[in-house]
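Tertiary structure, described
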Amino acid sequence: MPIEANMDDEESPPLIEPLLEHNNHFPVFPLHRSAANTTSQVAIVGANVCPIESLDYEITENEFFKQDWRSSGSLQIFQYICMKWTLCFLIGIFVGLVGFFNNLAVENISGIKFVVTSDMMFGRKFGLAFGIFALSNLGLTLFSSVITAFIAPAAAGSGIPEVKAFLNGVDAPEIFSPRTLIIKIIGSITAVSSSLHVGKAGPMVHTGASIAAILGQGGSKKYGMTWRWLRVFKNDRDRRDLVTCGAAAGIAAAFRAPVGGVLFALEEMSSWWKSSLLWRTFFTTAVVAIVLRALIDVCNSGKCGLFGKGGLIMFDVTSANIEYHLADVPPVLFLGVIGGLLGGLYNALLDRVLRIYNLINVKGAAYKILLACSISIFTSCLLFGLPWLAPCRPCPADASEICPTVGRSGNYKKYQCPLGHYNDLASLFFNTNDDAIRNLFSKNTDNEFHHMSILIFFVTCFFLSILSYGIVAPSGLFVPVILTGASYGRFVGIMMGSRSNLNHGLFAVLGSASLLGGSMRITVSICVILLELTNNLLLLPLIMIVLLISKTVADTFNGNIYDIIMKLKGFPYLESHAEPYMRQLTVGDVVTGPLQFFNGIAKVRNIVHVLKTTSHNGFPVIDEPPFSNAPVLYGLVLRAYLTVLLRKKAFLPSPVPTGIHAFEQLSADDFAKRGSSKRDMIEDIELTAEEMEMFIDLHPFTNSSPYTVVETMSLAKALMLFREAGLRHLLVVPKTFGVRILVYFVEPVITVSILERHSVVASVLMQRSPVVGILTRHDFMPEHILGLHPFLFRSRWKRLRFRFSSLIKFFRTNQHVTVSGFAKEDMLSMSHISTARVTDCSIDT
């Protein structure tokens, strides 16, 4: 008997598609869905909406490349290994130099600004001091936003979500281009120097990844730099390894924390890891540390202008031994809980602010720049005006430096106070973020900051870091979160007073750890980075406790900040776990059509037609009679390979199978993947009418061992296979090639029978295609799955999330199905963006 579906039952509809209505007496076979997957196909890269592709991490095993591998001798293998280690060495050198140059430029640009402003304040020229301070900040912000908006929009933001998505298999256009790298460096310097509450750690991760990706591209024909010895790395797998090393080097250069950089790449960035990659990232970050150490020694000799004491971020809070007892644990636990609550609130507010900024940014470059300038003016007013609320404090008799401070940095800013006094709030606001953190982390300074000054500073940093992140300029979150956490950590230390053996500087360190754990949900790497920053291993147990508690508390509210940003941007990121509702579905329930495939020997005209009328990147190759007894799945051929064959005109006059030796005009370099978004287009290939009637033997260029799954496999298992193997295409094959179909005939039967009219059920045996469909990463996105099976949205298992009634508007997530990570109402504001405005983007499926 056929299965009847009750379509009114939304809670438990059938997972099997009902049979279509028949036509006359002919059997009607079940058809797969013809609606193509249109969800999660675009993402916001920088400030532009771009089509998104996946990366080819899978090894293509075909006869052509097998012959190339067999021809490789020991010398080529040795050359490959040596070149990869050499590239890691060069990445460490270049990232170390860029990190040092960034810090040197920020220190000197900010130093000049603060020195001039302080001189005006000493002369009691307060109005002129504010004018110089605000205009310099506005000029730096304007410069950073203009070059980012008009030259390289992909350089906006921190870049960590883009790099994390790339290592997951998402190819975002232009994120690693040379102009993005240059604008990232220059824009980050000017944005951080403009006193915006942004950091340079995130941009340094993006910078390191960009340097690694460019070095692995094997030169550039456009600029006449073709390095033949680097062409072996022109594939996504080696580029992924190099980008991972570059991301680790970026963190190492930003915080001078080589081990923390390796762990950050392992814990947060990379979706795929192996032991050899661990050694290469460790070697790369070690090179960065050596380069920084050598350059800092040069600056300590006074040859770097206004370069701050101690060089790069290095908060030496621990020259003396630290002693803590059991009575000091409750305050540490309290810091962890507060950090988790604040981290969840921080992420929720940033999510809401970024959605609002998106409504402004889609209006055009002028609105983006106007938003950035408005945030700069607002920031300057707060930084200059709020210190007037702080009382003047007398200089301590045992001060370790001159009081009030003379010059740019120091703990004792005079500001508007009389001689012999200082303004503690100005000491925090009128410094770079690095120096402000150093002041809060400093030891033996328990009496230098008033509790109200610390509270004002915390509230200001908390909201300014949220407002400053979404502007069209390179900006990071690491340093602002560290600074904000350090301020409330010191506030808790002040409130504890003599009831704790920990000094206020250590409370500041623990506060930074708690907010980092609550916002970014990273534990191991953050712990090591803070230990390397403070140069004190004795803090390890306390930092571990704080991080574990803050992450646990924050996880009850929302996800980590980088995952939130990736979702807002629309990147089709594959999580390391499958949602429980995916186990209720099979891969056959989500695969979509129509399916395009080629015969083993295909006509050029057919190939050109399919490539021009579709945007698929992989096509099954099926051998049919007379080349095989029955339809057989031979493998999968990529669009890039087809365009190369068409461009090289590797044609045959007749549909006759040929060997690999018939294509001696082709080499492995012809199929090497060039840089991101640089590929042959079918529209650029010119073919004559005679050539269109010729044939191509696809067998030598087809991946004869693609990953396949049976259509009855659960979607959760397929997701794990897809992610862990780093796939781009996953073929779905039928469980049986012969299937018995129930066909209904509703006709009057003209025979002698008890029933004059009745239904007759016949069974027909048909032969199915050897491939049902292809799964890509977009098919695993919740938007696509819940669009096909909306009943799962209501009944699916959700994580436990607590929400306070007073913060419902900030914590509430839209309950409708989203498109590309944005709620439908947010996408409406982007509907007017035409494809002509989508610059520097590649077509993708």
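Residues numbered from 1 in each chain as written. Predicted model: local features only at pLDDT ≥ 70, side-chain atom pairs only at ≥ 80, totals over all residues. Heavy atoms only, no water.

By the naming in an unreviewed UniProt entry, the chain is Chloride channel, taken from Macleaya cordata. The UniProt entry for the chain carries the following text under Subcellular location (unreviewed entry): "Membrane". Reading the Sequence similarities (unreviewed entry) entry of the UniProt record for the chain gives the comment "Belongs to the chloride channel (TC 2.A.49) family." (UniProt positions renumbered as here; feature names shortened; annotations may be inferred.)

1. Points about the sheet that holds strand 18 (residues 773–775)
What the 3 strands build is an open sheet, ordered 14-15-18; its pairing is mixed. Edge strands, defined here as strands with exactly one partner in the open sheet, are strand 14 (708–710) and strand 18. Neighbour-to-neighbour, the strand axes of the sheet open up by a mean angle of 35 degrees, direction not taken into account. Pairing geometry for strand 14 and strand 15 (residues 730–733), over 3 bridges, is parallel. Opposite Val710, over in strand 15, you have Val733 as the bridge partner. (Pairing = 2+ DSSP bridges. Helix = DSSP H or I, 4+ residues; strand = E, 2+ residues; numbered from the N terminus. Axes fitted to C-alpha atoms, helices over the stretch in contact; angles between N-to-C directions.)

2. Quick look at unusual backbone geometry
Despite not being glycine, Ser195 shows a phi value in the positive range, around 70 degrees. Position of Ser195 relative to the elements: it lies in the loop between helix 5 (178–193) and helix 6 (201–215). Classification of Ser195 as buried rests on a relative accessible area of 11%. The phi dihedral of Lys649 falls on the positive side, at around 55 degrees, and the residue is not glycine. Its location among the elements puts Lys649 in the loop between helix 21 (639–648) and helix 22 (689–692). (Buried < 20%, exposed > 50% of the residue type's maximum accessible area, 1.4 Å probe, protein only.)

3. A short note on the packing of helix 8 (residues 258–269) against helix 9 (residues 275–300)
It is at 8 Å that the axes of helix 8 and helix 9 come closest, and there the two elements cross at 145 degrees. Of the two elements, helix 8 crosses helix 9, and the hand of that crossing is right-handed. Side by side, helix 8 and helix 9 meet where Pro258, Val259 and Val262 of the first sit next to Leu278, Thr281, Phe282, Thr285, Ala286 and Ala289 of the second. Residues belonging to the contact of helix 8 with helix 9 are distributed by class as follows: 7 nonpolar, 2 polar and no charged. (Left-handed = near helix turned anticlockwise from the far one by under 90°. Contact = heavy atoms within 4.5 Å. Nonpolar A, V, L, I, M, F, W, Y, C, P; charged D, E, K, R; others polar.)

4. What to know about helix 15 (residues 478–496)
With 19 residues, helix 15 extends 27 Å between its outermost C-alpha atoms, agreeing within 8% with the 27 Å of an ideal straight helix rising 1.5 Å per residue. In terms of residue burial, helix 15 counts as a mostly covered element, since 17 of its 19 residues are buried. (Expected span 1.5 Å × (residues − 1).)

5. Considering the nonpolar core
Phe255, Leu440, Phe478, Met520, Ile543 and Phe571 are the most contacted members of the largest nonpolar core, which totals 143 residues. A per-element tally of this core places helix 2 (residues 74–122) first, with 12 residues. A domain split of this core shows at least three residues from each of domain 1 (79–301) and domain 2 (328–569). The residues contacting Phe478, other than those within four sequence positions of it, are Ala201, Ile251, Phe255, Phe264, Leu516, Met520, Ile526 and Tyr562. One finds Val637, Phe651, Ile685 and Met694 within the second-largest nonpolar core, a separate group that totals 29 residues. (Core = buried A, V, L, I, M, F, W, Y, C linked by side-chain atoms within 4.5 Å. Domains from an automatic or database assignment.)

6. Let's talk about helix 14 (residues 451–469)
For helix 14, with 19 residues, the first-to-last C-alpha span of 27 Å sits near the 27 Å given by 1.5 Å per residue. Considered for burial, the residues of helix 14 that qualify are Ser453, Ile454, Phe457, Phe458, Thr460, Cys461, Phe462, Leu464, Ser465, Ile466, Ser468 and Tyr469. On its buried face, helix 14 is in contact with helix 10 (329–361), helix 11 (365–385), helix 12 (424–429), helix 13 (433–441), helix 15 and helix 19 (561–569).

7. Here's the deal with the pattern of salt bridges
Under the definition given, this model contains 17 salt bridges. Asp435 serves as the salt-bridge partner of Arg438, at 2.5 Å between the closest nitrogen and oxygen. Remark: Asp435 and Arg438 occur in helix 13; sequence separation between them is 3 residues, near one turn of the helix. There is no split in this pair, since Arg438 and Asp435 are both buried. Each of Lys84, Asp238, Asp241 and Lys274 takes part in a single network of salt bridges with overlapping partners. (Salt bridge = Lys/Arg side-chain N within 4 Å of Asp/Glu carboxyl O.)

8. Section: the side chain of Asn235
Structurally, Asn235 can be placed in the loop between strand 6 (225–226) and helix 7 (236–255). Within the structure, the side chain of Asn235 is placed 2.9 Å from the backbone nitrogen of Asp238, a separation counted as a polar contact. (Polar contact = N/O pair within 3.5 Å; in protein donor to acceptor, adjacent residues only side chain to side chain.)

9. A closer look at the packing of aromatic side chains
Tallied over the full model, the rule gives 23 aromatic pairs. Between Phe429 and Phe457, the ring centres sit 5.2 Å apart and the planes meet at 55 degrees, which makes this aromatic pair tilted. Residue Phe429 is located in helix 12, and its partner Phe457 is located in helix 14; the two are separated by 28 residues in the primary sequence. Of the residues examined, Phe429 reaches a relative accessible area of 3% and is grouped as buried. A residue is classified by how much of its surface remains accessible, and Phe457, at 1% relative accessible area, is buried. Judged by centre distance (5.2 Å) and plane angle (55 degrees), the rings of Phe598 and Phe619 are tilted. In this pair, Phe598 is assigned in strand 9 (residues 598–599) and Phe619 in strand 11 (residues 618–623), connecting sequence segments 21 residues apart. Like Phe598, the residue Phe619 is buried in the burial classification. Between the NZ or CZ atom of Arg240 and the centre of the ring of Tyr57, over which it lies, the distance is 4.3 Å. (Phe/Tyr/Trp six-rings, centres within 6.5 Å; stacked < 30°, edge-to-face > 60°. Lys NZ or Arg CZ within 6 Å of the ring centre and 35° of its normal.)

10. So, the sheet that holds strand 9
Overall, mixed pairing links the 3 strands, which are arranged 9-11-12 in an open sheet. At either margin of the open sheet sits one strand with a lone partner, and together these are strand 9 and strand 12 (632–638). With 6 bridges connecting them, strand 11 and strand 12 associate as antiparallel partners. For Asp623, the partnering residue across the bridge sits in strand 12 and is Val632.

11. Here we look at the pairing of strand 2 (residues 48–51)
Burial along strand 2 is two-sided: Asn48 and Cys50 and Val49 and Pro51, pointing in opposite directions, are all buried. Sheet topology places strand 1 (residues 42–45) next to strand 2; 4 bridges connect them, and they run antiparallel. Bridge pairing in strand 2 places Ile44 opposite Val49.

12. Structural notes on the state of the cysteines
Under the counting rule described, the total for this entry stands at 2 disulfides. Between the sulfur atoms of Cys392 and its disulfide mate Cys417 the distance is 2.1 Å. Sign of the S-S torsion, about -90 degrees for the bond between Cys392 and Cys417, identifies this disulfide as left-handed. Linking Cys392 in the loop between helix 11 and strand 7 (393–394) with Cys417 in the loop between strand 7 and strand 8 (421–422), this pair joins segments that are 25 residues apart in sequence. Using a relative accessible area of 32% as the deciding quantity, one classes Cys392 as partly exposed. Each disulfide pairs two cysteine sulfurs, and for Cys395 the partner residue is Cys403, the sulfurs being separated by 2.0 Å. Across the S-S bond of Cys395 and Cys403 the torsion is about -75 degrees, and the bridge reads as left-handed. (Disulfide = S-S within 2.5 Å.)

13. Points about the environment of Leu97
Its location among the elements puts Leu97 in helix 2. In this structure, the C-alpha to C-alpha distance between Leu97 and Leu292, residues 195 residues apart in sequence, is 7.5 Å. If near-sequence neighbours (up to four positions away) are discounted, Leu97 is found in contact with Val291 and Leu295.

14. Considering the confidence of the model for the chain
Overall, the prediction assigns the chain a mean pLDDT of 80, with 78% of residues at 70 or greater. Confidence scores differ between elements of the chain, with helix 27 (residues 824–828) showing the lowest mean pLDDT of 35 and helix 5 the highest of 95. Here residues 1–34 is a poorly scored stretch, pLDDT under 50, and it has 51 contacts once near neighbours within four places are set aside; other chains count. Counting interchain partners and residues more than four positions distant, the pLDDT-below-50 stretch residues 804–845 has 95 contacts. (pLDDT = per-residue confidence, 0-100.)

15. Remarks on the packing of helix 13 against helix 15
The geometry of helix 13 relative to helix 15 is characterised by a closest axis approach of 10 Å and an angle of 25 degrees between their N-to-C directions. Overall, the two elements helix 13 and helix 15 adopt an arrangement that is roughly parallel. You can see that helix 13 and helix 15 cross each other, and the crossing is left-handed. Residues Asn433, Asp434, Ala436, Ile437, Asn439, Leu440 and Phe441 of helix 13 touch helix 15, and the partners they reach there are Val479, Ile482, Leu483, Ala486, Ser487 and Arg490. Of the residues belonging to the contact of helix 13 with helix 15, the class tally is 8 nonpolar, 3 polar and 2 charged. (Parallel < 35°, antiparallel > 145°, perpendicular 65-115°, else oblique.)

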